[in-house]
Structure formats: structure tokens, C-alpha cells
Amino acid sequence: MAEELSLVNMPKEDLASFSQSYVFQKFSEYYCSSSTDIRAPQSIDRREFAFLLFKERIMSRHKAFGNIERLRAYINDVHPSDIYNSCAYYENPQLEMDKKGWLGADLVFDVDADHIPTTCDKIHDEWTCKDCDFSGKGITPEACPVCGSQKFETKTWPCELCLDSAKEETAKVIDMLQNDFSLADEVIHVFFSGHRGYHVQVEIEDMRTLNSAARKEIVDYVSGFGLALFENEKRLRGSSTKRRSVAFSLSNYGWGIRLKAGMRRFITRATKDDMRGIGIRRNIDSILENKELIIKRCLEENRWTSIRGVSDETWVKIAEHVRNLESAKIDTVVTTDIHRLIRSNGSLHGKTGLKKIELPPSNLKDFDPFIEAVAFKGGKIKLLISSAPRFRIGDDEFGPYHDEKVDLPTSAAILLVCKGRGEVLNENV
Ligand SMILES: [Zn+2]
Ligand SMILES: [Zn+2]
């Protein structure tokens, strides 16, 4: 075991614990191996690169490389834990921010379990306020409910169920890009992030120069924010003066189509409880009895007011429920930031030891991050594990663990150590 680890070559004076040394060793092996799959982004010479360094625990920014070979040589030199490149293209990517000369940026969507409520996040995710120590389970709030602080210590897990939810949100983003924005598959690049989600990166000349405000419009679209559900300023027939009147209405394109399809699904399957659950109080029985007629007249023929008892208010409630289901839960800040650094393709995620890896949009459904993004094969090591939920890597299942010593394959051990759930024991050395 000691030989396999060869801890002797590591900068022990800088890396205090065996655990850090172990992760450093394994990450270095991965990055320095000739088979490492670091991929160059499009126009590599126009991108800013940044590296999170093991020893210094700082982000080293404003690096630029003319080609992938120079990038690989640099990685060999500095032994980083995480590698990022700008979604932006710059005239001089190596200069300070205000001197770089922004030329454009890819359109980036970040789908992360941190932004998706799931039923399991209360089991495996925890947050603690750094100022008052108040803690809770599930999604970290924007501000502490006790003291209002926005600083938290979080403990999350790359859970398979959460990752499946992230996959569903990612599929929605891809579907909108393909169908509503008419983008070709070739310009839509989909990646597993290496942690709790997926990145969708659109690389197309026409969209590069969109400013933040334009990207915010796209965010709003993808999130279904500000949808027009009413036809405004309708002139009432037979009235001599133009009176303000609004009526529920949906277009026959984009979100209009999405809402109608979702509303048809909802109405077809809805029970009394489903109707009550979205706030409908009146005429539930008659709605349920006339499902087919309602779908035909209202959804297919756009005659929204043609059935007595199904009011604008009812339609709005159904539409808003469907909007919530059909909108993609993305980290909105990432898309509007035109200088964003994003994890590089093929690099390791410092919180898991998994790779960021590209997959064809059509393979998303069948993609298995716990097979395809696993970077470390072979080897075993003994860990002292404080706590970990049950998890899978490849075909092997592990845990749950609670204060115990376990011999684990490298990939599982790296995941636990990187997530702060386990420590390498010095008996391994
Ligand atoms: Zn607090
Ligand atoms: Zn989960």
C-alpha cells in the first residue's frame, strides 16, 4: 500500500494531512497522465484560464495558452485541483479584467441540484449559518432566517436522485434551445459538471456578443418568467368606447405550445385533490366530468371562455402550475455573467474527483455520471469515515457509513475525502 501511494514525493510541508496528500497525489497522477482527457475549448487562445492550486488554496487567474499542448504543460507544472476557462473570448485574455478586451462569450446554462428542490435534499444536505450557528436541512436559504447572514457552511452530496432531477431540468433547457431557439445540435454542448449537475454551453457566432441584459431575457424565457397569459386591451363588440378587457389566451408558438401541452396532460390526469392542490375551489366536479370537451374547445380551439364554470382564474391557476413544471431550474446568475469562469472540459471537480465530461445532447437520458465521469480506476485505501449516505460508483454500492474504518476503491475514497466525509488513515503510509 505504501508503495502504491508513494507519499514520499509529496510536498508534506504544505499539505498537512494524509488525506490532502492522497488527493493531491491522485489528482496529479490524473492531470499528468498522457491519457488525461483535458479538451481545448473553441478558440483556446482567446480564453482566460484559472487554476485552483492545492498548495496555496488560491485561484490563480488571467492565464492564457496558445494551444492545448501549452495548457497541458502548465498543468503538469502547477498540479492544480480545479481548472476553469472563461466562457468569454478576449483580445488579451492574460491581462487584468478591464484591459482584456471582451470580444464575446458563449451562452452558458448551469443546472445544479443546489437550485432544485428534491425530496431527498433534506436527508443528505445541511447548512449552518457562519454567524449564528443556526442550521437546517435541504436547500441553503438565501439569508439566515435567524440573523439574516448570507454566509453558510454547507454539506451537500452528489446524490443520484438529485442528479436525475438535474438531468430533467437540463433536458428542458436543451429542448427549448432546439425547438424554440432553433439551434442545431452541433452548437449545443452538454456536460456533466463533475459534481451535482450539468452545463449547457451554446457556442455560436450569432449569440456571442449578446450583452447581460439580452442574456437575462433568455434566462426569463427558459425560467418561464413574465409570460403573457392574457390578451390585453380587447375591444368589446358593440361598445362605442374602447373598454379595458382582458381574456385568458395562449399563443401557438414557444411557451404557448408548451403550456397547452402541459395543461392537456394536467387536465387529462387531474383528480379532485390535484385541482384543489393548485388552488382551484369552484366547479371542480363539472371540470372533471367535462375533461374532453374542455380540452377540445379550449386547448384545441382557443375558445377559453366557451365553457361555463371554467373561468380565467381557473385557467391562470392551471397555467401557472404547468409553467412551474415546464420551466427549467437554472442558476440564473451564471447565464447573465458574460465574464464567467466555467470548469474546463475533462478537468476534475475538487469536491468529488469526478470529471467534467461532454455528452451528446441525445445521450442525456442514458448518461451515467457514476460510470462515465469516474476518473480513478484501480487501487484501494483505508478511510475513517465520519458519515456518508449510501452511494454507487459503477456497479458497486457503498455505505451508508457512520464513524467507521473502511477499505475502499480509489474512486469511492477520493469522493468521500473530497466531500469532507472521510480521512485517510496514517496506517496506510
Ligand atoms: Zn444566522
Ligand atoms: Zn438527493
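Below is a short write-up of the structure. Note that the structure is predicted; figures quoted are calculated from it, not measured.

1. Concerning the coordination of the zinc ion (ligand 1)
Protein ligation of the zinc ion (ligand 1) involves Cys 129 (SG), Cys 132 (SG), Cys 144 (SG) and Cys 147 (SG), the donor distances falling in the range 2.3 Å. Geometry at the zinc ion (ligand 1) is tetrahedral, judged from the four donor atoms that bind it and their angles of 102 to 114° at the metal. In primary sequence terms, the donor set of the zinc ion (ligand 1) follows C-x2-C-x11-C-x2-C. Look at Cys 129 and you get buried, because its relative accessible area is 1%.

2. Remarks on helix α11 (residues 291-300)
Looking at α11, one finds that the buried residues are Lys 291, Ile 294, Ile 295, Cys 298 and Leu 299. For α11, the angular spread of the buried residues around the axis is 105°, confining them to a single face. Looking at the packing, one finds that the buried side of α11 touches α8 (254-269), α10 (284-289) and α12 (312-326). Downstream of α11 by one or two residues, Asn 302 has phi in the positive range, about 60°.

3. A look at the sheet that holds strand β11 (residues 197-202)
Read across the open sheet, the four strands follow the order β6-β11-β10-β15; overall the sheet is antiparallel. The open sheet has two edge strands, β6 (107-112) and β15 (357-359), and neither has a second partner. Mean inter-strand twist for the sheet, computed between neighbouring axes without regard to direction, equals 25°. Relative to β11, helix α5 (residues 160-180) is tilted by about 15°, and along the sheet it contacts β6, β10 (188-192) and β11.

4. Examining the coordination of the zinc ion (ligand 2)
On the protein side, the zinc ion (ligand 2) has Cys 120 (SG), His 124 (NE2), Cys 159 (SG) and Cys 162 (SG) as donor atoms, found 2.1 to 2.3 Å from it. For the zinc ion (ligand 2), the four donor atoms in the first shell make angles of 101 to 117° at the metal, a pattern classed as tetrahedral. If you list the donors of the zinc ion (ligand 2) from N- to C-terminus, the spacing comes out as C-x3-H-x34-C-x2-C. Like Cys 162, Cys 159 is buried.

Calculation notes
- Residues numbered from 1 in each chain as written.
- Chains lettered and ligands numbered in written order.
- Predicted model: local features only at pLDDT ≥ 70, side-chain atom pairs only at ≥ 80, totals over all residues.
- Heavy atoms only, no water.
- Donors = N, O, S within 2.8 Å, 3.2 Å for Na, K, Ca; no water.
- Tetrahedral: all angles 85-135°; square planar, octahedral: opposite > 155°, others 65-115°.
- Buried < 20%, exposed > 50% of the residue type's maximum accessible area, 1.4 Å probe, protein only.
- Helix = DSSP H or I, 4+ residues; strand = E, 2+ residues; numbered from the N terminus.
- Arc of directions from axis to C-beta.
- Contact = heavy atoms within 4.5 Å.
- Pairing = 2+ DSSP bridges.
- Axes fitted to C-alpha atoms, helices over the stretch in contact; angles between N-to-C directions.

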